[in-house]
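Architecture and fold: a report
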Amino acid sequence: MNFTNRIAKTVTIMFVGLLSGSVAFAQQQMPPQQQQQAPTDVSDDELKLFVDASKEVSKIQQENEADMINAIEEEDLNVQQFNEIMSAQQGQEVENEASAEEMAAFNNAAQKIMKIQEDMQQDIEKVLNDQGMEPERYQAIMMAYQQDPELQQKINTMMQEDQQ
């Protein structure tokens, strides 16, 4: 994978996935064969750990989202410009004729974002381990959450009760 595609994949994962919380982390970290196999056998204790860990992961992601936006803006781009250049580089149908200056700014911002993301992944793994949950298990439960409506309801209910 060349540098531009790696940047585009990294940033796409972050900007598309940030709104859905720790889904971005789960999707990025799991090999494709594991993404299709989501265990639905999760104990109530494990679900409680998952809910608690998800809150911490979400905080980390929100903090880092602001840092990523700042990295883009420091390069005199806005998020829309950045995403348009990224989409054009991925070969998506976007009319974007970026200047040499914009491309340089894009590449600088993308490198900063990759560093932020690497640090964020380490922070997330530390939080998960501190919470007593293996990152791989967290990812597996996240994938099951995405695929199993019954598990979604159970986790959503736990999150709502926890907020009250």
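Each remark here, short or long, concerns the structure printed above.
Throughout what follows, the structure given in this document is the object of discussion.

**Overview of the pattern of salt bridges**
Side chains that differ in charge, positive against negative, can pair when their charged atoms come close. Scanning the entire structure with this criterion turns up 11 salt bridges. With a shortest N-O distance of 2.9 Å, D44 and K154 are connected by a salt bridge. In this pair, D44 is assigned in helix α4 (residues 44-74) and K154 in helix α8 (residues 149-163), connecting sequence segments 110 residues apart. With a shortest N-O distance of 2.0 Å, D162 and K55 are connected by a salt bridge. Of the two residues, D162 is situated in helix α8 and K55 in helix α4; the sequence distance between them amounts to 107 residues. Note on D162: relative accessible area 30%, which makes it partly exposed. Residues joined by salt bridges that share partners form a network here, namely K48, D52, K55 and D162.

About the thresholds
Residues numbered from 1 in each chain as written. Predicted model: local features only at pLDDT ≥ 70, side-chain atom pairs only at ≥ 80, totals over all residues. Heavy atoms only, no water. Salt bridge = Lys/Arg side-chain N within 4 Å of Asp/Glu carboxyl O. Helix = DSSP H or I, 4+ residues; strand = E, 2+ residues; numbered from the N terminus. Buried < 20%, exposed > 50% of the residue type's maximum accessible area, 1.4 Å probe, protein only.

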